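# Structural overview for review
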Amino acid sequence: MFESIKNFFRRRAVRKYSKAVPTGILPLSDISSANIVIDVEEAEWDVLKDDILAWGRASGVKVAIYFFDFRKLGKNELLLTSIQTTVARKDLNWFGMPSYEKVSGLINEPCDLFISLVDTSDFAVDFVSRCSAAKFKIGRRAYPGHCFDLLLSGKQSEGLRSGSCQVFAGIVEFLEKIAK
């Protein structure tokens, strides 16, 4: 019963904040800005952040990185990232939607490319993926409603999944191939 109530409010929030922006695959030459979401709970998130920024500088793409950090922090623990661009567990409401103040830049500002490198099925990730005003959306996990134009999940051999660094390298390789 409670799950159906949460799903009702989730669908309502997505309808309220989603944009009717036509999406599709864009060549790298048409991409000037990118919003990228990464998971701080992954082991090499800081290496991934450096890879993303280096790619942005090398390709001339203005990159904005948003972090999802749903860890339970102890009393003496601090966030590892900027508080303005990090969605933490305390920023979620009772049905899992991130606070509008934290994600308004991510869902309101039009950009050419949106990449979700978070490999979870949390509603917060689903929400920003669906409501992003990007023209080209790339993700790691499929959600009902097919909000991504391209889905790269990585290798799944013997129960092992590729890390975000390998998935991002695959995305960059794909973007370079369609650049012509």
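Residues numbered from 1 in each chain as written. Predicted model: local features only at pLDDT ≥ 70, side-chain atom pairs only at ≥ 80, totals over all residues. Heavy atoms only, no water.

### A few points about the packing of aromatic side chains
As a reminder of what qualifies: For Phe, Tyr and Trp, where Trp contributes only its six-membered ring, two rings pair if their centres lie within 6.5 Å, and the inter-plane angle classes them as stacked under 30 degrees, edge-to-face over 60, or tilted in between. In this description a helix means any DSSP run of H or I spanning at least four residues, a strand means any run of E spanning at least two, and both kinds are numbered starting from the N terminus. Using a 1.4 Å probe on the protein chains alone, a residue whose accessible area is under 20% of its type maximum counts as buried, one over 50% counts as exposed, and one in between counts as partly exposed.
Overall, the coordinates contain twelve aromatic pairs when judged by the stated rule. Consider the rings of phenylalanine 95 and phenylalanine 123, whose centres lie 6.4 Å apart with planes at 55 degrees: the pair is tilted. Taken together, the residues phenylalanine 95 in the loop between β3 (86-88) and α3 (100-108) and phenylalanine 123 in helix α4 (residues 123-131) connect sequence positions 28 residues apart. The class for phenylalanine 95 is buried, based on a relative accessible area of 8%.

### Observations concerning the sheet that holds strand β1 (residues 33-39)
Definition in use: Whether two strands pair comes down to DSSP finding at least two bridges between them. Contact criterion: two residues are considered in contact whenever any of their non-hydrogen atoms come within 4.5 Å of each other. For every element, the axis is a line fit to its C-alpha atoms; helices are fit only across the contacting stretch, and the angle between N-to-C directions ranges from 0 to 180 degrees.
Reading across from one edge, β3-β2-β1-β4-β5-β6 is the order of the six strands in this open sheet, with parallel pairing throughout. The sheet is open, and its two edges are formed by β3 and β6 (150-151), each paired on a single side. Those strands touched by helix α2 (residues 45-59) are β1, β2 (62-69) and β4 (111-116), and its axis lies near 165 degrees from that of β2. Against the sheet, α4 touches β2, β4 and β5 (134-139), its axis set at about 160 degrees to β4.

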